[in-house]
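# Structural overview
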Amino acid sequence: IMASEIKVDTVSEKTSGSGVTVDSLLIKDGLAYSGIMQVGSFGPISGSGNQLETSSTTYADVPNHTITITPKVATSKIFVLFSIHTWGTDCPGSLKIIENSSGSYSDVHEIQSISSGTAGGQQHILQGLIDHDTTSAFTIKLQGKSAANAGSNRIRITWYDAQSTGFAFELGNI
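Cut-offs used in this document
- The numbering scheme is per chain: residues are counted from 1 as the chain's sequence reads.
- Whole-chain, interface and lining totals are the exception, using all residues; otherwise, since this is a predicted model, local features are given only for residues with pLDDT of at least 70 and side-chain atom pairs are given and counted only at 80 or more.
- In computing side-chain values, all of the structure's heavy atoms are included and hydrogens and water are not.
- Working definition: helices are DSSP H or I runs of at least four residues, strands are E runs of at least two. Numbering for both runs from the N terminus.
- Summary of the burial criterion: residues with accessible area below 20% of their type's maximum are buried, those above 50% are exposed, and those between are partly exposed, where the area comes from a 1.4 Å probe applied to protein chains only.
- Here, residues are in contact when the closest pair of their heavy atoms is within 4.5 Å.
- DSSP calls a pair of strands paired once it identifies at least 2 bridges connecting them.
- Helix axes use the C-alpha atoms of the stretch in contact, all axes being lines fitted to C-alpha atoms, and the angles between their N-to-C directions lie in the range 0 to 180 degrees.
- Counted as salt bridges are all cases of a side-chain nitrogen of Lys or Arg within 4 Å of a carboxyl oxygen of Asp or Glu.
- Under the rule applied, a polar contact is a pair of N or O atoms within 3.5 Å (in protein, one hydrogen donor and one hydrogen acceptor; residues adjacent in sequence only if both atoms are side-chain atoms).
- Between 30 and 60 degrees the pair is tilted, below 30 it is stacked and above 60 it is edge-to-face, where a pair is any two Phe, Tyr or Trp rings, Trp via its six-membered ring, whose centres lie within 6.5 Å.

Below, the discussion takes up the overall build of the chain. Within the chain, the regular secondary structure consists of one helix and 10 strands. Listed N to C, the secondary structure of the chain is α-β-β-β-β-β-β-β-β-β-β in terms of helices and strands. Counting over 174 residues, the chain shows a buried share of 40%. Look at the contacts in the chain between residues 6 or more apart in sequence, and 79% of them connect residues 24 or more apart.

Now for the sheet that holds strand β5 (residues 93–99). Strand order in the open sheet made by the four strands is β3-β8-β5-β6, with antiparallel pairing throughout. Looking at strand neighbours, the two that pair on one side only are β3 (60–69) and β6 (106–114), the edges of this open sheet. Strand-to-strand twist of the sheet, defined as the mean angle between neighbouring strand axes without regard to direction, takes the value 15°.

With that out of the way, let us pick up the pattern of salt bridges. Within the structure shown, the criterion is met by five salt bridges. Here Asp131 makes a salt bridge to Lys77, at a shortest N to O gap of 3.5 Å. Of this pair, Asp131 sits in strand β7 (residues 120–131) while Lys77 sits in strand β4 (residues 77–88), and the two are 54 residues apart along the sequence. The salt bridge partner of Lys96 is Asp107, with a shortest N-O separation of 3.0 Å. With a gap of 11 residues between them, Lys96 in strand β5 and Asp107 in strand β6 connect regions that are remote in the sequence. Through salt bridges with shared partners, a single network forms among Glu53, Arg154 and Arg156.

Along the chain, the position of His132 falls in the loop between β7 and β8 (138–146). A distance of 2.9 Å separates a polar atom in the side chain of His132 from a polar atom in the side chain of Ser76. Within the structure, His132 has its side chain in polar contact with the backbone oxygen of Thr134 (distance 3.1 Å).

On to the environment of Gly35. Along the chain, Gly35 falls in strand β1 (residues 35–45). A residue is classified by how much of its surface remains accessible, and Gly35, at 35% relative accessible area, is partly exposed. Considered as a pair, Gly35 and Gly172 are 137 residues apart in the sequence and their alpha carbons are 5.2 Å apart. Once residues lying within four places of it in the same chain are set aside, the contact partners of Gly35 are Glu170, Leu171 and Gly172.

Let's shift gears to the packing of aromatic side chains. Within this structure, the stated rule accounts for five aromatic pairs. Ring geometry for Trp159 against Tyr160: centres 6.3 Å apart, planes inclined by 90°, an arrangement best described as edge-to-face. Between the aromatic rings of Phe167 and Phe169, the centroid separation amounts to 6.0 Å while the plane-to-plane angle is 20°, which identifies the pairing as stacked. Judged by relative accessible area, Phe167 falls into the partly exposed class, the value being 31%. Among the aromatic residues, those joined into a ring-pair cluster are Phe79, Phe167 and Phe169.

What follows is the structure, given as structure tokens:
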């Protein structure tokens, strides 16, 4: 078998008619939609409009700690990585990432018993891999709650102008 080589400076798709497109060739050969296809994010954010102080034992949304993403491919995965600051009070609490790609919210990652009995700031990492099976937009967000078992029963998230960030990476062919 002889090897052939084509050298070109530019490849362009036809503007009308039928035929094979460059994208369809790449998808067919598994070359398109590989690696990081897109990134959604929030932050770094801080300040009073982005804080949650709660003594409730029910999870509540942390304001503006939300990412909406529209996957390019239904079979991709979404890797989420949140770096969240909490301020120690006299009561532990919990953080979790949730997502609603299926139409109802489900947990991605939860950290319990944070900021227990310690004054001062702490940074927490939450992460997870979402297998979404959709090309419709969906939301990924942070929630927090108190354990309500000591002192003031409160937990503080993104407090005292500390910064929090979040990223959602759409990954193909993994």
